[in-house]
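The residues making up each chain are set out below.
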Amino acid sequence: MKSKELKELETKDLAEKLETEVAKYNQMKLNHAITPMENP
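Bear in mind the structure is a predicted one, so any value in this text is a computation, not a measurement. (Residues numbered from 1 in each chain as written. Predicted model: local features only at pLDDT ≥ 70, side-chain atom pairs only at ≥ 80, totals over all residues. Heavy atoms only, no water.)

Draft legend 1. Here's a closer look at the overall build of the protein chain. Scanning the protein chain from N- to C-terminus turns up two helices and zero strands. C-alpha atoms of the protein chain, sized along the principal axes, occupy 40 × 20 × 5 Å. Residue burial in the protein chain is summarised as follows: out of 40 residues, 0% are buried. A distance of 5 Å separates the average location of the 7 positive side-chain charges in the protein chain from that of its 8 negative side-chain charges. (Helix = DSSP H or I, 4+ residues; strand = E, 2+ residues; numbered from the N terminus. Buried < 20%, exposed > 50% of the residue type's maximum accessible area, 1.4 Å probe, protein only. Lys, Arg positive; Asp, Glu negative; His and termini not counted. Charge placed at Lys NZ, Arg CZ, Asp CG, Glu CD.)

Draft legend 2. Fine view of the pattern of salt bridges. All chains considered together, the criterion is met by two salt bridges. With a closest N to O distance of 3.6 Å, Lys17 and Glu21 form a salt bridge. Taken together, the residues Lys17 and Glu21, both in helix H2 (residues 11–34) and four residues apart, mark about one turn of the helix. When the shortest N-O distance is used, the salt bridge between Glu21 and Lys24 registers 3.6 Å. In this pair, Glu21 and Lys24 are both assigned in helix H2, three residues apart and thus about one turn of the helix distant. Salt bridges sharing common partners tie together Lys17, Glu21 and Lys24. (Salt bridge = Lys/Arg side-chain N within 4 Å of Asp/Glu carboxyl O.)

Draft legend 3. A look at a negative patch on the surface. Together, Glu10, Asp13, Glu16 and Glu19 line one region of the surface with negative charge. Along the chain, the position of Glu19 falls in helix H2. Under the relative-accessibility criterion, Glu19 is labelled exposed at 60%. (Patch = residues over 30% accessible without salt bridge, like charges linked within 9 Å, V, L, I, M, F, W, Y side chains within 5 Å. Areas by Shrake-Rupley, 256 points an atom, 1.4 Å probe, with all protein chains shown as cover.)

Following this line, the structure appears as structure tokens:
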């Protein structure tokens, strides 16, 4: 997403997007801890 698109979003939408991205990040960290990437 480009910064221009982010600036047009409302606070509620930004909070939801942040929550979604943090959840994805935490899931990726968990997956990596369980099974490290073969070729980083």
